[in-house]
Amino acid sequence: MMGLDIGEGKKYKGKIKVAELEDGSKVEIPYFVMRGVKKHPVLLLNAAIHGDELNGVEVIMRLFEELNPMQIKGTIIGVPVVNVLAFRSRDRFDAIEKRDLNRKFPGKKNGNITEKIAYHFFNEFVKNADFGIDLHAGMKGHLLLPHGRARILKDYKPNLEYYQALGTDIIFYHDGEKGMLNITAGKEGIPIVCFEIGEADRLDEYYINEGIKAVKNFMRYFGMLDGMPEMPARQILLQGYIEVRANAGGIFYSGIKVGDVVKEGDIIGYIRKINGERVYLKAEKDSTVMGVRTLSAVREGDPIAWMLSFENAEILEIKKKVKTRRNKILEKAEKFIK
Ligand SMILES: [Zn+2]
């Protein structure tokens, strides 16, 4: 990639060419570089590996407007939209290929266009980075609590300190799949944290600000920005994923918000059937709400909430000196954690 060797205090805008489309137009990935007082560490910020996840796009563009290169130690590479074809389709995947880019890393030079995007992104950006933050959001109609998703694969375990550095209340630790960016980069020794904020299709100021705070926390934690990161002294590592599904068809009324703590048997919402009857939904386990459906119409079996139970929860202590803030989830959850 061009622009990595710009001088101190400089910004650069460029694009890399990936492939050509039916009409001869080019598929290109635009990016920014911002160089501070030293070259390293190089932080990669990317969003929209899934083309409809927009909060992260906004986080990266705002950081590039707001940050003065002379305030940072190291270099930032910003790729606001990785999957440019899915972004044009305003969807998770490209409308023609319908393939999940986040299962295709490290990509193939001579593969299909999704594999080519993976290949160029991985080789030109990821391999030049010391670490990174991969911004995501929930799928359409899935609103997600800001949290890091640390993925485990048989031969790969993430170093959780990189996830802790985002400063969120919880970290979700779970089995990943081959071809995911954070797993593939992690195996090459480049820690990339997957960070979820809000939901697809919509910009939301609250989640954008949480995203900016998390990136700045990460930069401060690793010495790229002055000042102390602001984060809870203790974070919760959770693994017990539960998808709650609609037990009737009709209109869904949620009784919970992301970040709420519920105990087994609590009513978490109801579905009003079109004949007026109400059918209640209950929490299966003592858990926190990682995500809630924002689309009201449901048929039986549709997912309506994503919970993380407190079974096997672990408390992680922060290893560095930070400015501490309350962990509101932990305050309510402590009685459930053994
Ligand atoms: Zn995503």
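This one's a predicted model, so the numbers in the text were calculated from it and none came from an experiment.

Chemist: Is there a simple way to think about the packing of aromatic side chains in this case?
Modeler: Given two aromatic rings, their pairing is described by the distance between the two centres and the angle made by the two planes. One pass over the structure, following the stated rule, counts 17 aromatic pairs. Between Tyr 253 and Tyr 270, the aromatic rings sit 4.8 Å apart at their centres with planes inclined by 15°, giving stacked as the arrangement. Of this pair, Tyr 253 sits in strand β12 (residues 250-254) while Tyr 270 sits in strand β14 (residues 267-272), placing them 17 residues apart in sequence. Judged by relative accessible area, Tyr 253 falls into the partly exposed class, the value being 29%. Ring centres 5.8 Å apart and planes at 0° place the aromatic pair Phe 310 and Phe 336 in the stacked group. Taken together, the positions of Phe 310 in the loop between β18 (303-309) and β19 (314-317) and Phe 336 in the segment after α7 (328-333) put the pair 26 residues apart, joining distant regions of the chain. The exposure class assigned to Phe 310 is buried, which follows from its relative accessible area of 4%.

Chemist: In this structure, what is going on with the pairing of strand β16 (residues 287-293)? I would like to understand it.
Modeler: On any regular strand, side chains alternate: one points to one face of the sheet, the next to the other face. Within β16, seven of the seven residues are buried, leaving the element largely enclosed by the surrounding structure. As paired strands, strand β6 (residues 142-152) and β16 are joined by three bridges and run antiparallel to one another. Bridge pairing in β16 links Leu 144 to Gly 291. Two strands pair when backbone bridges link them, and β16 and β18 are joined in this way by five bridges, in the antiparallel orientation. Bridging across to β18, Gly 291 finds its partner in Trp 306.

Cut-offs and rules
Residues numbered from 1 in each chain as written. Predicted model: local features only at pLDDT ≥ 70, side-chain atom pairs only at ≥ 80, totals over all residues. Heavy atoms only, no water. Phe/Tyr/Trp six-rings, centres within 6.5 Å; stacked < 30°, edge-to-face > 60°. Helix = DSSP H or I, 4+ residues; strand = E, 2+ residues; numbered from the N terminus. Buried < 20%, exposed > 50% of the residue type's maximum accessible area, 1.4 Å probe, protein only. Pairing = 2+ DSSP bridges.

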